[in-house]
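# Chain and residue survey
In case you want the letters, here they are:
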Amino acid sequence: MEMIISGLLLGGAFGFVLERAGFGNPNKLTAQFRLSDWSVFKVMFTAIVFAAVGLMIFERLGIVASEELFVPPAFLGAAALGGALVGAGFAIGGYCPGTSVVGLMSGRIDAAIFLVGLLLGTVIFAGVYPAIESLTTLGEFAKADALPEALHVSSFSVNVVMVLAAVGVFLLGSWMEKKSSGPVSSTTN
Amino acid sequence: MSKTENSRPPQPYWNPLVAGLLLGVVLLATFVTTGHGLGATGFTTRFTAWIGMQIVPVATNANDYLGGMVEDGKPLSAWITWQVIGVALGALISAYLAHRIQFQMDGRKFLGGSKRSVTALLGGVLAGFGARIAAGCTSGLGLSGAAVLSLAGITFLCTFFAVGLLANLLMKEGK
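This section reports on the structure supplied with the text. (Residues numbered from 1 in each chain as written. Chains lettered and ligands numbered in written order. Predicted model: local features only at pLDDT ≥ 70, side-chain atom pairs only at ≥ 80, totals over all residues.)

## Things to note about the nonpolar core
Using the following cut-off: One nonpolar core equals one set of buried Ala, Val, Leu, Ile, Met, Phe, Trp, Tyr and Cys residues connected by C-beta atoms within 7 Å. Residues with at least 20 other C-beta atoms within 10 Å of their own are called buried, those with 12 or fewer are called exposed, and the rest are partly exposed. The C-beta atoms themselves are positioned from the backbone. Where helices and strands are cited, they refer to DSSP runs of H or I of at least four residues and of E of at least two residues respectively, numbered from the N terminus. Each domain's extent is set by a domain assignment, obtained either automatically or from a database.
With 110 residues, the main nonpolar core has Val17, Ile48 and Ala51 of chain A together with Leu27 of chain B as its most contacted residues. Here this core gets 12 residues from one element, more than from any other, and that element is helix H3 (residues 39–61) of chain A. Counting contributing residues per domain, this core is built from domain 1 (1–103) and domain 2 (109–175) of chain B, each supplying no fewer than three.

## So, unusual backbone geometry
Located in the positive-phi region is Leu35 of chain A, a residue other than glycine, with phi close to 65°. Exposure remark for Leu35 of chain A: the 16 C-beta atoms within 10 Å place this residue in the partly exposed category. Non-glycine residue Ala135 of chain B carries a positive phi angle of around 60°. Note that Ala135 of chain B resides in the loop between helix H6 (116–134) and helix H7 (138–147). Residue classification places Ala135 of chain B among the buried positions, given that 22 C-beta atoms sit within 10 Å.

## Points about the interface of chain B and chain A
The following threshold applies: Contact between two residues is assigned when their C-beta atoms, built from the backbone, lie within 7 Å. Basically, the charged four are Asp, Glu, Lys and Arg, the nonpolar ten are Ala, Val, Leu, Ile, Met, Phe, Trp, Tyr, Cys and Pro, and anything else, Gly included, counts as polar.
Listed per partner, the contact involves 110 residues of chain B and 109 residues of chain A. Those elements that provide at least two residues to the side of chain B that touches chain A are helix H1 (16–34), helix H2 (41–55), helix H5 (79–97), H6, H7 and helix H8 (151–169) of chain B. Per-element accounting of the side of chain B that touches chain A gives the leading share, 18 residues, to H6 of chain B. Its residues placed into classes, the side of chain B that touches chain A shows 68 nonpolar, 36 polar and six charged.

## Focus on H1 of chain B
Using the following cut-off: Each residue after the first adds 1.5 Å to the expected span of a helix.
The end-to-end C-alpha separation of H1 of chain B is 26 Å, in line with the 27 Å expected for 19 residues at 1.5 Å each. Turning to H1 of chain B, its buried residues are Pro16, Ala19, Gly20, Leu22, Leu23, Gly24, Val26, Leu27, Leu28, Thr30 and Phe31 of chain B. Of the surrounding secondary structure, the elements contacted by the buried residues of H1 of chain B are helix H1 (2–21) and H3 of chain A together with H7 of chain B. Gly35 of chain B sits one or two positions beyond H1 of chain B and adopts a positive phi of about 85°.

## Some words on helix H4 (residues 76–93) of chain A
Residue and element names in this part refer to chain A. Between the first and last C-alpha of H4 there are 25 Å, a value that for 18 residues agrees with the 26 Å anticipated at 1.5 Å per step. Burial runs high along H4: 16 of the 18 residues are buried. Remark: Gly94 follows H4 within two positions and exhibits a positive phi of approximately 95°.

Function cannot be read off these values alone, since they describe shape.
Okay, structure coming up:
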């Protein structure tokens, strides 16, 4: 029961914010790749930095234990290859998996088709899995799973760099938005 | 008031800084509550296993990748299922309140014109396949993985954006 409530509430807030940001709109999402609307970078960077700094503070205060947080294993070849395919899928299809759900709920038929493709891609993967299983553990970095351990620096230093990078993304993005057609609004078709 | 519901113009989208901060709050709250971040393809993979169980149960059971999920007969019984149902409901409520629900084939202009259904399907297939190789998608590995400063999450985001930029060059703007 707890699982149901926390899933629905946290997922609900996630979907609400994504829709408010305009991330159910494939024209806005792909405008990031045309470099005319930097909302995807801005929103993602801000959220990542906010959560990373928040987790660091919560760890120091003893609210969360770092060893209880899930850190994905460092199969960097698999992450790079998967990221490349999801990026290509995003640029061609107009969505990533999560945002296609948001697109569908705002009435977009193309988002429904993207979701069908997503299931189809999963079926194809499962079908050829025995032959490509090694791809899922490709390029393991054995020394560390996270950046601070890999570089032997504190998470504080990494977070400082990330905050500066986020500020840079906002400055660069806003400048390029001014030079181009600018952010996609909710009324443009 | 009562009859103008559909004709009311859609509200503007949120400022990206505001949306980003609130998304950060949701992501942080998810880590504090569950120990992991937000996701999407964890559900679509389980949903694929569930469909397989209904249509081709023997093959699904025997499949190396999906078989483990249908062993107990309840592939959908997981936190991520409720989270994705939440995403759908949250998006629906937001779109409704902002007058942004519109039935349409969107994205024609930049994504294939009259072949929009083909680009949507192909994009979905690539993303679905890729997310299984990386064991995560933009939300599960990119967003959530980068928030815990993981090398895998950061690597995923780098190639995601680099290849996205390149693939976009293949897409011709239609009229």
